[in-house]
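So you can see what is in the structure, the chains are spelled out below.
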Amino acid sequence: MFFMEMLRRTNAMHFPLMKQTRYIILGLLALGATVLWVANVKPWLLEIPRDFYFTANIISTDNFYNEEEGHYAGIIYSRTRFSYEAVAEETGVLIIKNLFDVRTPDNEPIFSVKRLYGIDQVTGMHISGYGDRDRDGYLFAPQHLQRGEPFTYWHINYDGPAHMSFVGEETLYGLPVYRYETTYDDVAIDQTENLTYLPGVGVTRGVELEPHLTLWVEPVSGKLIKYADDTIAYFYDLKTKERLDPWNHFSNTFDEISVQENTIDARFTKTKMRIVELYIPSLLLIIAIFSFLRIIIDPQTCRRVCSRNNLRRANGICILSIAILSFFGWMIGSEHLFRFLPFGAAMNPFTALCFILLAIIILLSQSKQKYIPILLGVIILMIGGIRLAEYGGLISFKIDLLLFREKILSTEFSSRMAGNTALGFLLLGSVPLIAHIPLGKRLQLASIFPTIVILFSVFALFAQLFEAIQVFNIPPFSLTAFHAAALFLFASFSVYEGYSESKNTLSLQGWLGISGLLFVTILLTVIFTLLTARIFEQDEESNFLEQTVIVSKSIEDRIHTYVGALRAGKGLFVSSTFVSRDEWQAFVEGLDIQTIYPGIQGMGYSIFVKPEELSAHIASMRAEGFPDFTVRPPGERDIYSSIIYLEPFDDRNKQAFGFDMFQEPNRRLAMEQARDTGQPWMSARITLVQEIDEDVQPGFLIYVPYYGNNSEPTSVSERRDAIIGYIYAPFRSRDFVEGVLGNTGIPNIGLRITDGTSTDEENVLYDDTKNILDTSKDLPRFTETNVIYVAGRPWVLQFSSSANYGETTMSRIIPLVVLFAGIIISSLISFLYATVVASREKALLYAKKVTRDLEESKAKDEAILSALNKAALVTIMDKNRKIIFANDNLLHVTGYSQKEIIGKDQSMLKASQKKDVEFVKIWKTVENGGVWRGEVLDKTKDGSLFWVDMTVSPILDGSGHPREYLAVRFLITDKKEAEQRLQSSLTEVQKFKRAVESSNESIVITDPSGSIQYVNPTFTRLTGYTFEEAIGKNPKILQSGKTPRAVYETMWSTISKGETFMTDELINKRKDGTEYYADIAIYPIMDDGKTTLQFYVAVQRDVTQRKKEERAKSEFVSIASHQLRTPLTAIRWSLGRFKKVAPDSMDSNSIELLDAATAASKRMSETINAMLNMSRIAAGKITPEIAEIHLCEVFEELRKEVAQQYEAKKIVFQSVCDNDWVLQTDLKLFKEIVSNLLTNAIKYTPNKGKVTLEVKKDKKVYTIEVRDTGYGIPKDQQEKIFTKFFRADNILNREPDGNGIGLYLVKELAQLLGGTVAFQSTLNKGTTFTVSLPLSPSTL
Amino acid sequence: MKHSILIAEDDKFLAETIAASLQDHGQETHIALDGEKAIAVMDEKQPDLLLLDILMPKVDGYGVLKHCKEMGYTFPIIILSNLSDDVNKESSKEMGATDYFIKSDMDEDDLWPMVEKSLQ
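Here goes a summary of the coordinates provided. (Residues numbered from 1 in each chain as written. Chains lettered and ligands numbered in written order. Predicted model: local features only at pLDDT ≥ 70, side-chain atom pairs only at ≥ 80, totals over all residues. Heavy atoms only, no water.)

## Observations concerning the pairing of strand β12 (residues 243-254) of chain A
Residues and elements named next belong to chain A.
Next up, step 1: In the sheet, strand β1 (residues 53-66) pairs with β12 via seven bridges, with the strands oriented antiparallel. What sits directly across from threonine 61, in β12, is serine 251.
Next up, step 2: Here strand β11 (residues 223-237) pairs with β12 via eight bridges, running antiparallel. In the strand pairing of β12, tyrosine 236 is matched with arginine 243.
Next up, step 3: Where β11 hands over to β12, the hairpin turn is made up of five residues, of which lysine 241 adopts a positive phi near 60 degrees. (Pairing = 2+ DSSP bridges. Helix = DSSP H or I, 4+ residues; strand = E, 2+ residues; numbered from the N terminus.)

Structure representation (structure tokens):
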């Protein structure tokens, strides 16, 4: 993913055109490479090489059966060279020579088998038709051996198919191996043909084998690490097939040196296979997949889809699924999941948990989430801490042991695992914490920490690959650690991805480069450090090895020396007829072997004594002056042996005097081998009888057989017959080794010697390792195992150096100096590089930006030019002002053709041909390099004029002088005309504005929402708000809150209908808070279509003064009326009473006077009422109470009221109405209106006239007519009759009573009811008053 | 039947005219020329009817109405005023007046039928 990102970026930056192709090629190449790799390269790399060679040293034992005596004769050792070697190659088949070469300890050939196999070069399987015969199975074992999977092996000794069965898993020198066994149950192993030299074999008898073969193989590579067999060969009767006596019980096993070498070899092969089979193809495949993914998704989409966020998400999900799968695998304990999930997590739910947390961190790392990643980071840190503590031994949860399957893990493994993962967890856990440090240092830290994690991981990988190198006690990384390291790498990339993304940091590429450089330089440092350390180490190791060789040789030589001495003793016996005790003493003293070669206990002579000779032997010995002599231990036996001479004959050796060695099995085996072979023979580990004090040491004996004087028999039976005794030497093993090496042993090297093939504790002859090394704590720096063959027995010599063997101050310090110097230099180089990269990137970014800007501006220029060409009239003139270019627009407008215009002087376009001042100015400007712009009048071909806005600019040559001139003209004739129109309309506007501004009315203009757009100076004077303060405000600022709400409601309902609203009822407030009455008119101004409201104009005037006056007046009238009414009432009522109480005493004149007074007071009362009504109307105190009235009923009431009057004048009264008619109005006011009109009509109609009251109805209105046949109203006075207190001339004389208020009231009241009053009058003919009232107020 | 009628009217002449007119019909009348006096008289005499003007010195007609309400008097109260607007008519009825008449609209002849009607 990282790689892809890099590719994407590189591509985008440097190869913008080739992107797609490159990815196709890359994808195909990677895919092809994968196929090629898997099909060809992998087999080629992994096939068995032409120079294949496998060799091992085998320690072989034989234990032949003594048919005569009916028992096994005892173990004899031999050494075997076991090897496979490629000898020829045919297509795909390798011919392998397998050799099994048995020799004596002294390297004398005993027996040798050689076979030729033909095997498949890739699989290692035997192929028929090749080699010396057809065989089944594998040369060793198949590769990728599954746990429990059986296979067939072909072993040289048995030459039959060995069907191997899985036994278990073991660890050899740190390498996991599978152990397989077979007993060849299904195959008969017959050796008759090869053993015809044995008596009777091939004639009457045959030989069959009962083998038990054990193999240790490395399962991935299928390499043989070790084999051991344990086989009994039996004779059988050829005819009856009946099994007879055994012939030989033999065994073969690899010596430790070979096993060690094989593990190293197998480990290398295994690593190589993993790289070749898994890692490289996976990498190639991933590259292929991502390249193709990149092709499928188009680059634009990819930028989105392959964003780092998505890559991060993919990584997170990947890790999460691995972790979950691992967890699942652990839960069900599936062997297969362990095997196929190549990650440490698979083994450990603890690790799985960590990776789940890690995955969540990665997924959240780009989101707004801040605290959860920190929390998870802390958890991972804690786990890391626990693991570290475990590794340090502070706590011992043995979590891995608890959680892992026990068969997989050991405590040591767990500890190592803990140590390996702890550091990783600690580092990883820190990442989210560090990344959340608020900016500043954060960026560096956030980037550096993942880098450290990556370095750690890579180092872990590296260390895994070179695990053999053990410097600075870095423990070898287990497979699990290796996988964990891979995961860390994976994970830290993701975390790195997540956090390194920032605008201010270097690009990913830059960081990769720097990290890469740092990584490479540090890697180089590590390699150099390791190499330096290795050089020292090799030097020290070769010193060590040299020491071991010297010591091994010395020990071997010393034994040979002793054998030589014993042979010399035998020589003494062979050459003498009799060797006396004194002579033997003198001989041994003469050799002075203890002085020259210390380590030997002495040299003795032991003879066989037959039971019948035993007492004589004891007697003769006693006679020699040893009265206590006896053959020990006592008891009856078939044969006795007796030590008769043992020099020096000191207290210790005296313990052995007369000891029967033949009765003890270990000694007897050696004695028999010596007897049968005639060779010196060494015993297995024994304890000497000489051990008399507390310091008991293991010991051994070497026997040289003595067959008598001048006798050297050649066959076994002759030897057995002739044997007399042994020249022998007892050894205490520590004394022996110290005799060779001195009391202090080898400096700084521990030596452990074991007898035989097993290195078990029971076979230990000598061990001083613990003097050098505390094995419970330290590991030896170097170890070496040698096998020496001494007197028929193998000895295993294990050398262990001290922990710091050979180390000097220099060897310790120099690698460290290299390391630290390297790290410092690496850091410096990386830092320098980082600086360079940073500045380079900055420059690159800048360059990119500049390029982009340039491209953009070029495109812009082109766009401008094409737009200009379309919009303007363009000409280019040469230096002499001759037109050399004219665009189509110009030709079109002017009417010239190209021919007519090119080459002409540009002045042909001018309206006036004379050289004016302006024209001179233009050319002066442009010839000096300036740009001129102005309005010019041009003319067309046909002479019509047009205005242009012309810009003339010089096109300069290299030296800055005008080369050509560019003239760009825009037609502005329309504009000119518009300007003129505008000018005149401006003047109009100006006038209006003046008018508005000088108006005495305050004028406000608001937009439809009520926001003030304009106020005139009068407004400012009136309200105190300045122009600036008022603009944008709502006129509500003027509201005092005292205006009745109803006024505003009416206002809104009126103006929202688009109608003009007027009132003088507003009580407004100035800026300073004082209030005033406003007479206001609001005009909603609509657009021309009369549909949309454009603005409101409000014209208002301060009418406070008028209002005050009006109120005072009306109050005066009101008070006056009241004050007049009460006494008037008193007068009236008194007069009324007076007339009642005193009628008799009064004469007719008095009564007449009384009546006149009563009438006058009544009239006066009416006048006052009328005046009061008038004033109330004026004060607006009358509000109509609308109710339903039946017209006919009301007419009848009115008729009754005036009946007295018309009857007095004998006037005919007629009332016309319809019973159904109903009117919505105020009853009282309606009556007042009609009553006034009727009274007038009757009053101004002469006697015997006629008055008619009639009502008519149309759709909307009732029309009430009051007709009379009276005096009429003079024409010239008709228009005044509704005026207050007006009375017409023609009635003044006839009807002096009358106040001139009636008609005024009628008109006012009618208006109040939403109606109108009109009249028609002819002098002396009569008058008709018409009152029109709406059917109901809603139709107003 | 003889009733006790209290006339609260600041115009002395009118008050006496009313009193005389009612006495003609055999009624006992008391005159109070301001609201304060009217309250004093009614508390003392417990009239059967109160004829009350609105505009009076010291305590106006409303003040008297308020007092009657507070004292829980149940005798009828007729307002005789020259305030002809509806506001006064409505509010005085709310405050316990039985009837409301405008003096200038009435003749002396109308007085007794009105009083008689109330006394019933």
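## Regarding a nonpolar patch on the surface
Residues and elements named next belong to chain A.
Next up, step 1: On the surface, a cluster of nonpolar side chains totalling about 330 Å² of accessible area is made up of Leu31, Val35, Leu285 and Ile289.
Next up, step 2: When contributions to the nonpolar patch are tallied by element, the ones reaching two or more residues are α2 (19-46) and α3 (256-296).
Next up, step 3: Within the fold, isoleucine 289 resides in helix α3.
Next up, step 4: For isoleucine 289, a relative accessible area of 44% corresponds to the partly exposed category. (Patch = residues over 30% accessible without salt bridge, like charges linked within 9 Å, V, L, I, M, F, W, Y side chains within 5 Å. Areas by Shrake-Rupley, 256 points an atom, 1.4 Å probe, with all protein chains shown as cover. Salt bridge = Lys/Arg side-chain N within 4 Å of Asp/Glu carboxyl O. Buried < 20%, exposed > 50% of the residue type's maximum accessible area, 1.4 Å probe, protein only.)

## A short note on the packing of helix α2 (residues 35-45) of chain B against helix α3 (residues 61-71) of chain B
Residue and element names in this part refer to chain B.
Next up, step 1: Following both chains from N to C, one finds α2 and α3 inclined at 25 degrees, their axes separated by 10 Å at the closest point. When the axis of α2 is compared with that of α3, the two are roughly parallel. In terms of crossing hand, the pair formed by α2 and α3 is right-handed. Within the contact between the two elements, α2 uses Gly35, Ile39, Met42 and Asp43 and α3 uses Val64, His67, Cys68 and Met71.
Next up, step 2: Looking at the contact of α2 with α3 residue by residue, the classes come out as five nonpolar, two polar and one charged. (Axes fitted to C-alpha atoms, helices over the stretch in contact; angles between N-to-C directions. Parallel < 35°, antiparallel > 145°, perpendicular 65-115°, else oblique. Left-handed = near helix turned anticlockwise from the far one by under 90°. Contact = heavy atoms within 4.5 Å. Nonpolar A, V, L, I, M, F, W, Y, C, P; charged D, E, K, R; others polar.)

## Some remarks on the sheet that holds strand β5 (residues 99-102) of chain B
What links the strands of a sheet is backbone hydrogen bonding, and the strands pair in either a parallel or an antiparallel sense.
Residue and element names in this part refer to chain B.
Next up, step 1: Taking strand neighbours across the sheet as the criterion, the five strands line up as β2-β1-β3-β4-β5 in an open arrangement whose pairing is parallel. Whereas interior strands pair on both sides, the edge strands pair on one side only; in this sheet they are β2 (28-32) and β5. Here the average twist between neighbouring strands, direction ignored, is 20 degrees.
Next up, step 2: Note: strand β1 (residues 4-8) against β2, five bridges, orientation parallel. If you follow alanine 8 over to β2, its bridge partner there is alanine 32.
Next up, step 3: In the packing of helix α1 (residues 12-24) onto the sheet, the strands contacted are β1, β2, β3 (49-52) and β4 (77-81), and the crossing angle to β2 comes to about 170 degrees.

## Things to note about the interface of chain B and chain A
Next up, step 1: On the side of chain A, 21 residues touch chain B, which itself brings 23 residues to the contact.
Next up, step 2: Both sides together, the interface formed by chain B and chain A hides about 1,800 Å², and carbon and sulfur atoms give 49% of it.
Next up, step 3: By the criterion of area lost to chain A, the three top residues of chain B are Asn82, Ser104 and Glu108 of chain B, representing 29% of everything that side buries.
Next up, step 4: Viewed at the interface, chain A and chain B are joined by zero salt bridges.
Next up, step 5: If you look at where chain B meets chain A, you find one residue pair in polar contact (both at pLDDT 80 or more).
Next up, step 6: Contributions of two or more residues to the side of chain B that touches chain A are made by α1 and α5 (108-119) of chain B.
Next up, step 7: Here the element with the most residues in the side of chain B that touches chain A is α1 of chain B; it accounts for seven residues.
Next up, step 8: Tallied by class, residues from the side of chain B that touches chain A come to eight nonpolar, five polar and ten charged. (Buried area = accessible area lost by both parts, 1.4 Å probe. Polar contact = N/O pair within 3.5 Å; in protein donor to acceptor, adjacent residues only side chain to side chain.)

## Some details on the state of the cysteines
All names here are of chain A.
Next up, step 1: Overall, the coordinates contain one disulfide over all chains when judged by the stated rule.
Next up, step 2: With its sulfur 1.8 Å from that of its partner, cysteine 1192 forms a disulfide with cysteine 1217. Taking the torsion about the S-S bond as the criterion, the cysteine 1192 to cysteine 1217 disulfide, at about 130 degrees, is right-handed. Of the two residues, cysteine 1192 sits in helix α32 (residues 1191-1208) while cysteine 1217 sits in the loop between β33 (1212-1216) and β34 (1222-1225), which places them 25 residues apart along the sequence.
Next up, step 3: In this structure cysteine 1192 comes out as buried when scored by relative accessible area, which is 16%. (Disulfide = S-S within 2.5 Å.)

## Structural notes on helix α31 (residues 1148-1178) of chain A
Structurally, the α-helix is built with 3.6 residues per turn, so residues lying three or four positions apart point the same way.
Next up, step 1: The end-to-end C-alpha distance of α31 of chain A is 45 Å, a good match for the 45 Å that 31 residues give at a rise of 1.5 Å each.
Next up, step 2: Regarding α31 of chain A, the residues found buried are Leu1154, Ser1161, Ser1165, Ile1168, Asn1169, Ala1170, Leu1172, Asn1173, Met1174, Ser1175, Arg1176 and Ile1177 of chain A. (Expected span 1.5 Å × (residues − 1).)

## Observations regarding the nonpolar core
Next up, step 1: Grouped together as the largest cluster of nonpolar side chains are 56 residues, with contacts concentrated most on Ile555, Phe736, Leu751 and Trp795 of chain A.
Next up, step 2: Looking at which element gives the most residues to this core, the answer is helix α13 (residues 508-575) of chain A, with ten residues. (Core = buried A, V, L, I, M, F, W, Y, C linked by side-chain atoms within 4.5 Å.)

## Side note on the pairing of strand β35 (residues 1250-1257) of chain A
All names here are of chain A.
Next up, step 1: As defined by bridge partners, β33 adjoins β35 across five bridges and the pair is classed as parallel. Bridging from a neighbouring strand, valine 1216 pairs with glutamate 1254 of β35.
Next up, step 2: Bridging between β35 and strand β36 (residues 1261-1268) involves seven bridges; their strand directions are antiparallel. The partner of lysine 1256 across the bridge, within β36, is threonine 1263.

## What about the packing of aromatic side chains?
Between two aromatic rings, the relevant description is the distance of the centres plus the angle of the planes.
All names here are of chain A.
Next up, step 1: Evaluated as defined, the whole model comprises 48 aromatic pairs over all chains.
Next up, step 2: Measuring from centroid to centroid gives 5.0 Å for tyrosine 1206 and phenylalanine 1213, while their planes differ by 10 degrees, and the two rings are stacked.
Next up, step 3: By relative accessible area, tyrosine 1206 is classed as buried at 8%.
Next up, step 4: A relative accessible area of 13% means that phenylalanine 1213 is categorised as buried.
Next up, step 5: Through a chain of ring-to-ring contacts, three or more aromatic side chains come together here, namely Phe52, Phe54, Phe82, Tyr84, Phe100, Tyr117, Phe140, Tyr227 and Phe254.
Next up, step 6: Here the basic side chain of arginine 243 rests over the ring of tyrosine 234, its NZ or CZ set 4.0 Å away from the ring centre. (Phe/Tyr/Trp six-rings, centres within 6.5 Å; stacked < 30°, edge-to-face > 60°. Lys NZ or Arg CZ within 6 Å of the ring centre and 35° of its normal.)

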